[in-house]
Every structure is written in C-alpha cells, then in structure tokens.
Amino acid sequence: MGSFSDVILILALGLLQAVEGSMIQLNDNGYDGIVIAINPSVPEDEKLIQKAKEMVTEASTFLFSATSKRAYFRNVSILIPMTWTSKPEYLTPKLESYEQADVIIADPYMKYGNDPYTLQYGECGEKGRYIHFTPKFLLDDNLSIYGPRGKVFVHEWAHLRWGVFDEYNFDQPFYITSRSTIEATRCSKDITGVKRVLKCSNKSCAIKMCKTNQRTGMYESKCQFFPEKSQKAKASIMFMQSLNSVAEFCTAKTHNPDAPNLQNKMCNQRSTWEVIMDSDDFRNLSAVVRTKSPPPPVFSLLKTPERIACLVLDKSGSMSTDTRLSNLAVAAELFLTQIVEMGSWVGMVTFDSDARIQSNLTQIVTGNATQEMIAKLPQVADGGTSICTGLKAGFQVITQSNRSISGSEIVLLTDGEDSEINTCFDEVKQSGAVIHTMALGPDAAQELEMLSIMTGGYRVTPKGDMLSLIEAFSRIKSRSGNLAQQAIQLESKSSMISPKEWMNGTVTVDSSVGNDTFFVITWTESIPRIHLQNPKGKEYQNADFSMNKLNSKAARLRIPDTAETGNWIYKLQNENRIQTLTLTVTTRAKSRTVLPVIATVHVNQSTGHFPSPMTIYAQVSQGFLPVLGANVTAIIEPEQGSQETLALWDNGAGADTVKNDGIYSRYFTSYHENGRYSLKVRVQGRNNTARLSMRSPQSRAMYVPGYVENGKIILNPPRPEVKNKEMEVKMEEFSRITSGDSFVMTGVPSGPLPDKFPPSKITDLAAKFQADYIVLSWTAPGNDLDKGKADHYKIRMSENPMSLRDNFDKATPVNTSGLTPKEANSKETFQFKPETLKIKNGTKFYIAIQAVDNANLTSKISNIAQAVKLIPPPAPTTKAPCPNNDSIGYNINGATIILAVVGAAATINIF
C-alpha cells in the first residue's frame, strides 16, 4: 500500500466513524440529520406526521433542559412510504433511507407491545441502532402510562445516541440494601412510592400488602412498586420519565450504584450523566450561553421514490484475470433477475479508460427479465481504469431519463487502481446519489471506500470467484424497509468436487418464504449431473435448468408459482475433472401479511487498528420479534488469506449484551493482514431448538401500572400481557445466508501476532449463600477475549461495592487455587467459605472477578454480584389459618379491598 493510499485510507477511517449508519451530527449544540421513517406497511394517516412533529418539538425543549443547555433537535427529516399519496410539500430524499433511519414508526409484530424501545446491543457508551414507536403510541393518549411523548423520546434518545441503559429491572424489581432493607430498583432512591401486589381479572382488581419470603429475604414475585404521583425528585429520566418532577439524568451525586439494573451492570456503576458527558457529543461541548429555550426544529417531509439504480461495471484489462468477467456476467444477471425488486428502474454503464452507456433506465416488471441489458454485460476486458468517468456516465443514465440523481443508487464494481478517483469526490458528494462499492480483488483502489462512506452506501469485497460475486450482488438490496419484496438468500455453497463424486445437501424453504424462488448452479469445468427434488417428490433434472447465455458455466431454475414448503434435496455429480461447484438459492416472502425470518449483520466499527477487536453482531428476527436458539456462524475472509469461521452466541456474556434477545455476538481477533475483510453469516434454525420470543424488549420506556395519589392507587389501563405459554413459540426449520459490509484493518504486524487481547469482561456473575458458603456462577471468558480459555481467576470480596470497582486489588482476596478456568462460553461455578469475615443474619457481601490469560493480561473487573446471608425463622409448631384464596378481595388492616375495573383507570384505597 503506497503512502498516498495510506493517507487516503486514514482519512476514510476518520470520516467513516463519523457517518457510519446514521447521518446525525451535532453542530453548534443542535442535532442535524435525524431521520424518522414510517414503515411501508403502515396505512396512510397524516396524523402520524403531525404527532411525530409534536413529539420531537416537545422533546427538543426537554432535551435542552436535561442536558443543561448543551443540545437540542434542529433539523429532522420524516421519510414517508412510497405507497402514500404524493403531495407538493413532499421532497425527494437524498441519502435518507428506512434501513438507516434513527427512528422507525411501525406496527408491532403480532398483538403484543406498544412500549417505545431502542434496539441497543453494544457496550456502554456505544450508539444504538434505532428507536421504534408504534402508530398506536403516537396516536393514542398514553400520558398517564409513559408520560409526555417528548420525555419518552428523550429517554429513548439517551439509549440511541449515548449508549446508556435503563435504571429499572423488571426481572429484579427489588433488592436488599446494605442496611438489610428492601428497596425498589430505581434511580434515584429519592423517588417515593409503595410496594403492593395487584391481581386483576377481566372485571375487577384486588390489592394486598407484599409478603417477604423468609428464605430469600425478598418480596414475593408479584410485588410491584407504585410511585407517588407527586414527587420532589428530579432524577432520573432513565428510570421513570413519566413523573412530572423528573427532568434530569442521574448524576454521580444522585445515582444509586446498588440497584441491580442494566446501567450499573454495563457501565460499572457509573451514572447515566457520567456516561453521557463522556460521549463524543459532549466531551468537549459547552452549554449555550444566554438562551432560555432552543429554536423549534425544522422538519423536512421526504417521500420514498421508486428505486432507481445504475450498474457501473469495470471492464478494464485487469478484469481478464482468472474468470472475473465471465463470473461477473452470472452475478450481474442474478442481480437483475433475482435481487432487484419488481417495479425498480435499472440502467447499466461499462467503463475502462472511457465509459459507455449500455442501457438506459429499464423498469423491472413481471415477465421482463431485462434480456437486452443482460446481453450487453461486458464480455471483453481491455483498457485502463477511470472510475470517475464511469460514475459520471452513471449519473447521465439517470438524468437523461428525467430522473433525479438525488436518492438514486450507483452499484460500482472495479478491481483496478485509479490515482484520480478523488477528483470526483465533490461531485459525488453533491449529487445526492448513494454509491455501493464492490472492491474486487487486492488491487482495487484503496480510496474506493470513500465513495460509499460519503454517501451511506454498502461496501463489499468479493474475491472474484463466482460465489463471492453472487453474494456481493445479493447484498445490494433495497433500503425501503419493504421486507415482502426483498430477496432472501437461503443457501450459498461452494465445494471442490473430485470426478464421479457428489455435492449433496438439503435446502429448507420455510412457510414464510417461497415466492420467486431460484436455484442457480455454477461449475468451473463441465456441467454436473443435476438432481433436485421438492418436498412432495417432484424431480428436476438438467433439462429443467436454463443456461446462462454469456457464461456457459452457469444454469438457473426458477420454481413456478410458490415453492413447496419443506426440505428440497439436491445432488450434483461431477462427471469429469476435479472442479468447483456452487449452489445459490434465493427467494422472497410468501405473502405481504406474514413477515419472513431475516438476518442482518453488523460490526461495531467499520475500520479498526490492531489490537482493537471487531465485534460482530447478527440479528435474527421475524418482524420485530427476536428468534432464539438458532445456530449462527460468521464467515470472515481477508482479501488474500483463508477465511475464518466464528460461532456467534446469544448468551449475555462476552461481546453479547443481553441474553436471549435475538442478537448473536462475538469478538473477532484472528487478523491475518492489513486491508479489507468480507463478512457474511449463516443462520440455521432447527425445529427442536429455534423459537420466537414475545418477551418485551430491553431498553424501553417503562410501563407504569399505576400511581399513588392522595393515599389511593390510580391504575393505568392494563397492557396486553403475553401468557407464559406464549412467551416463546417453537419455530419450523429455516436457513438464511446474509452478507454484511466489509471492514478494514490497519496496523496488523507481520509475522506471528503478539498477544494483545486479555480475557473478556465477565458480565453475568451471580452469587448466593448456601449454608455458610457463597456459591458463584458465571460464563467463562476466553484467553483472547471470548476465544480459548483463561489461565486463572482473581476473585475479591468486600462489604462495599465501590471499593471493588475502584480498588479491586485491595479488597479481600478469595482462595482460587482449586479453580481451573473452562473453555470460553462454558458455565463456571465455584463455592467458597468466607473465613476472615464474620457472618451473621443479614450479612451482605459484594464479589467481583478478573480473568487473567497466559500472557498475564487481565480482563476488566466483572459486574459486581451480591450475596446476602439470611437465616430463616424456625417453622411454626401449628399451622396458621389459610386465607380464602378463592376470593379476589384481600383483608388489609381489617378492611377487604375489592375493586371493579371500569373504563381506562381504576382507584384503590391504601390502608
């Protein structure tokens, strides 16, 4: 890599960190570039636009105050679906898209949940993916449940922008303090309320005092915290933004470090305000001087247009290397016939030293496979490489069809160096077009990524072989959010097969897909013997497949109508010399009403510098519901080295933030070289393990069941609850292959890599007393983050959690001589008897762990667990009379309370 390329790449890295995904920027205390997108499936309703405007306007003032005049919302775009009626005030988007929106307005999948939430799966301080509001939340009056919508938006914005977490915990709503009292999990502790058990049937509700379990020392499981409606506490927005008094985030002074919530777990007991002030936004930002309130936000209404794309394909002399050009013909044809959505408009340009328009914009419609465009795919490679010339010709294809370049897409494939690529950067930036780049092979211009970085396009790095090119083009999908039209890859397989040997397997077509299904087979020497059988026994042979006219080494079969649900069995026999066979299967959703299972893959940073690890995330979902129990494997491949496979885990440990949320995560540290790395994931769901979760998501605005007002509990309308048997629903078998954006590594030393990766932080440490012993459990980290196994553990304990956090090595050590670390992702258990500390009823200890590897590198301090010693009272000698559990009323201080629920709210007196 030359010195000029080094400089350009370094510039690219800095720019990419600023604009990856979201286009939000904080300029002079005002947030610009916020995108709110309405899902294409939402019925047209202009009230949603107005309500969204009102919410953001209210939120801007509240944010300004909550951040001590540091930030407000200045420019916001609302992206309107293509299916809605066009209006003169609707503008054409530039780089804005549903896929990269910061806020999504969409119905919940199934009937459960209108709670606003943020999809957030990074570490403390890392930005989230998007905020999800439902139309019902925006249109209905939810003020008593969630508080003003503007305050809710700020709560979610803190998740999205600053990577803080909630300060409540529905799984552990109470905890035992150092004074052996039971407190509600909250921040700050100044928020007052009562603890009660509420039981409701269809017609009535009853309330009773919370009972304490003598063995655990905690309240019974049904106990809830009902806050006082009138409060003096100003914090915290991340606990209960619905309270009128709450207007601040918890600071170091008001923070509750003892509360067992995700904020303390993920952020080492730091307050939300400390994390916020350490963010890139606020680290060096001063408050606005002499301003009482910010100016109102400026809104732009943008309507998603028809998809307009132009292929800009390199046919320079270097494309004759191996079989790049012929492989390109197969992959590009697959893009035109299988990937691009119906109704899209596509054109094509080829370039070398010069550029030629091969096809003006042509609409992709049923029965029109754009054969004329396919016939003009490049077949001869010669000449130099002028990328800017190709891009300008691509722009011309769009403008001469009287279409706007703004919001259009350019799919740029090149394998060549071009020292003049930066000469058209300004023109590209001003055009408003999205540039998707395919860097083909190790010699592709290092500055190429700048084009996609500047415009928010995809970046893929195919090697040039048939399979990698097909997968690269499969990545270039519409960003409109319409999953019913999006192509889904079910299989992508390549094998070197000896003469007379077979490549066998099955492809599962699940019931959520089956429309527009294609089987594509390629070979490097001679056509194999093809045998394909559908789940009902119908067979397809070589004669059923159509040959590619530009490449005699590819054949395609389109399944008529809807593909049969079940396992399709394929057998490919190589009849001559040893060769590589590939099989690719794509399909689309079966219907508009049943959303397909999809998988998406992301990395925490698109560029890294050794020894910074990459964190790989794969989200598997159906609609907005997470899919659990799938086998998810990441496949990472450098430009010139061999590929690495990495099993991703949804275990709530290591790189994974939350267990069982459908986000499968892992650290990647096996770097081979500097340069680009391609990324894809393979997802397999088995019908005995895969399941659909209907649990409420993390990082959401708290639903408040009711408030205490003038000595009475005022109940809010009940929210739809998921029955225990419906919490997780078994799924049928399915498979998915998904490509992600490529990423870049720099600073990788030559030769054997030095050990720079300590074990990952333990985040799920739990502790409990059994007799006089403390039993610990956690998930084992690795030797290098979450790979391998650590050398040994250091365990410390204290009666003060902050002493563990701030002075871990000075805390009381625990003898771990008999504890040998297991392989990463294994379950660890360890018990010990605190010999040096006095134990009595109510004694509470705090424990933390560090893992140490064989190079003496030490992990971060784990989450801090607590163990409380409780001695249950002796069992009574006679049985106490049992209450009449058949009654829905309960006697409290001599008074039985039975309440009929009428309308939206109900009142219960507190005695």
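You'll find the structure just up there.
Read on for a plain summary of the structure.

What counts and how
Residues numbered from 1 in each chain as written. Predicted model: local features only at pLDDT ≥ 70, side-chain atom pairs only at ≥ 80, totals over all residues. Heavy atoms only, no water. Core = buried A, V, L, I, M, F, W, Y, C linked by side-chain atoms within 4.5 Å. Buried < 20%, exposed > 50% of the residue type's maximum accessible area, 1.4 Å probe, protein only. Helix = DSSP H or I, 4+ residues; strand = E, 2+ residues; numbered from the N terminus. Contact = heavy atoms within 4.5 Å. Pairing = 2+ DSSP bridges. Axes fitted to C-alpha atoms, helices over the stretch in contact; angles between N-to-C directions. Polar contact = N/O pair within 3.5 Å; in protein donor to acceptor, adjacent residues only side chain to side chain. Salt bridge = Lys/Arg side-chain N within 4 Å of Asp/Glu carboxyl O. 1 Å grid on protein atoms, 1.4 Å probe; cavity = no way out; pocket = protein on both sides within 12 Å on 5 of 7 lines; lining within 4 Å. Points joined across faces, edges and corners; volume = space filled by probe spheres on them. Nonpolar A, V, L, I, M, F, W, Y, C, P; charged D, E, K, R; others polar. Disulfide = S-S within 2.5 Å. Left-handed = near helix turned anticlockwise from the far one by under 90°. Expected span 1.5 Å × (residues − 1). Phe/Tyr/Trp six-rings, centres within 6.5 Å; stacked < 30°, edge-to-face > 60°. Lys NZ or Arg CZ within 6 Å of the ring centre and 35° of its normal. Lys, Arg positive; Asp, Glu negative; His and termini not counted.

So, the nonpolar core
- The biggest cluster of nonpolar side chains holds 73 residues, and the ones touching the most others in it are Tyr31, Phe73, Phe133, Phe153, Trp157, Trp162 and Phe249.
- Element by element, the count of residues in this core is highest for helix H2 (residues 46-66), at 9 residues.
- Residue contacts for Trp157: discarding those within four places in its chain leaves Ile24, Tyr31, Ile34, Leu63, Phe73, Ile131 and Trp162.
- Membership of the second largest hydrophobic core comes to 38 residues, among which are Phe610, Tyr667, Met731 and Phe734.

As for the environment of Cys424
- Looking at the secondary structure, you find Cys424 in the loop between strand S18 (409-414) and helix H12 (425-431).
- Residue class for Cys424 comes out buried when judged on its relative accessible area of 2%.
- Separated by 363 residues in the primary sequence, Cys424 and Thr61 have C-alpha atoms spaced 41 Å apart.
- Excluding its chain neighbours within four sequence positions, the residues that come into contact with Cys424 are Cys388, Leu391 and Lys392.

Observations concerning the sheet that holds strand S25 (residues 539-541)
- Read from one edge to the other, the open sheet built from 4 strands follows the order S22-S28-S24-S25, with strand pairing classed as antiparallel. The open sheet terminates on both sides in strands that have one partner only, identified here as strand S22 (502-509) and S25. Along the sheet, successive strands turn relative to each other by an average axial angle of 15°, direction set aside.
- Alignment of strand S24 (residues 529-533) against strand S28 (residues 566-573), held across 5 bridges, turns out to be antiparallel. Across the sheet, residue His531 finds its bridge partner in S28, namely Lys571.

Looking at the side chain of Thr586
- Along the chain, Thr586 falls in strand S29 (residues 579-589).
- Look at Thr586 and you get buried, because its relative accessible area is 2%.
- One polar contact links Thr586 to Gln338, side chain to side chain, over a distance of 2.6 Å.
- Setting aside anything within four residues of it in sequence, one finds Thr586 in contact with Gln338, Ile339, Ile488, Gln489, Asp516, Thr517 and Phe518.

A few points about the pattern of salt bridges
- Considering all chains together, one arrives at 39 salt bridges under this definition.
- A salt bridge links Asp786 to Arg666; the shortest N-O distance between them is 3.3 Å. Here the residue Asp786 occupies a position in the loop between strand S44 (773-779) and strand S45 (792-798), and Arg666 occupies one in strand S36 (residues 663-668), the gap between them amounting to 120 residues.
- Among the residues examined, Arg666 registers a relative accessible area of 8% and is labelled buried.
- What you see here is one network of salt bridges that share partners, running through Lys315, Asp352, Arg356 and Asp382.

Observations concerning empty space enclosed by the protein
- Scanning the entire structure with this criterion turns up 3 cavities of 30 Å³ or more.
- Volume-wise, the largest cavity comes out at about 70 Å³.
- Grouping the constituent residues of the lining of the largest cavity by class yields 5 nonpolar, 5 polar and 2 charged.

Notes on the state of the cysteines
- Under the criterion given, the structure shown has 4 disulfides.
- A sulfur-sulfur separation of 2.1 Å characterises the disulfide bridge that pairs Cys388 with Cys424. In this structure the cystine formed by Cys388 and Cys424 twists about its S-S bond by roughly -75°; its chirality is therefore left-handed. In this pair, Cys388 sits in helix H11 (residues 387-399) while Cys424 sits in the loop between S18 and H12, placing the two residues 36 residues apart along the sequence.
- Overall, the relative accessible area of 7% leaves Cys388 in the buried class.

Focus: helix H14 (residues 466-475)
- Counting buried residues in H14 gives 10 out of 10 residues, a clear majority hidden from the surface.
- Where H14 begins, the side chain of Asp465 points an oxygen toward the backbone nitrogen of Leu467, at a separation of 3.3 Å.

Some remarks on the packing of helix H9 (residues 324-339) against H14
- With their axes 9 Å apart at the nearest point, H9 and H14 run at an angle of 35° to one another. With respect to the hand of their crossing, H9 and H14 are arranged in right-handed fashion. Seen from H9, the contacting residues are Arg324, Asn327, Leu328, Val330, Ala331, Ala332, Leu334, Phe335 and Ile339; seen from H14, they are Met466, Leu469, Ile470, Phe473 and Ser474.
- Residues of the contact of H9 with H14, tallied by class, amount to 11 nonpolar, 2 polar and 1 charged.

A short note on H2
- Between its first and last C-alpha, H2 extends 30 Å over 21 residues, near the 30 Å set by a 1.5 Å rise per residue.
- When we look at burial in H2, the residues that qualify are Leu48, Ile49, Ala52, Met55, Val56, Ala59, Ser60, Phe62, Leu63, Phe64 and Ala66.
- Of the residues that open H2, the one with a side-chain oxygen 3.0 Å from the backbone nitrogen of Lys47 is Asp45.
- Directly beyond the C-terminal end of H2, a positive phi value near 55° is found at Ser68.

Topic: the packing of aromatic side chains
- In the structure shown here, the tally under the stated rule is 30 aromatic pairs.
- Taken together through their ring pairs, the aromatic side chains of Tyr31, Phe73, Phe133, Phe137, Tyr146, Phe153, Trp157 and Tyr703 make up a single cluster.
- One Lys or Arg, Arg666, reaches over the ring of Trp649 and ends 3.7 Å from the middle of that ring.

A look at the side chain of Arg149
- Here Arg149 shows up in helix H5 (residues 149-162).
- It turns out Arg149 is buried and unbridged, and the closest side chain with the opposite charge, Glu54, is 5.7 Å from it.
- Of note is the side chain of Arg149, whose polar atom sits 2.7 Å from the backbone oxygen of Asp140.
- Excluding its chain neighbours within four sequence positions, the residues that come into contact with Arg149 are Lys51, Met55, Glu58, Phe137, Leu138, Asp140, Asn142 and Leu143.

Comments concerning unusual backbone geometry
- The omega torsion across Ala235 and Ser236 is 25°, close enough to zero to call that bond cis.
- Inspection of the secondary structure puts Ser236 in the loop between strand S13 (223-227) and helix H6 (237-240).
- The residue after Phe610, namely Pro611, is reached through a cis peptide bond having omega 10°.
- Among the structural elements, Pro611 can be located in the loop between strand S31 (607-609) and strand S32 (614-622).
- Backbone geometry places Lys500, a non-glycine residue, at a positive phi of 70°.
- Within the secondary structure, Lys500 sits in the loop between strand S21 (488-497) and S22.
- By relative accessible area, Lys500 is classed as exposed at 52%.
- With a phi angle near 55°, Asn660 is a residue other than glycine that sits in the positive phi range.
- Its relative accessible area of 31% is what places Asn660 among the partly exposed residues.

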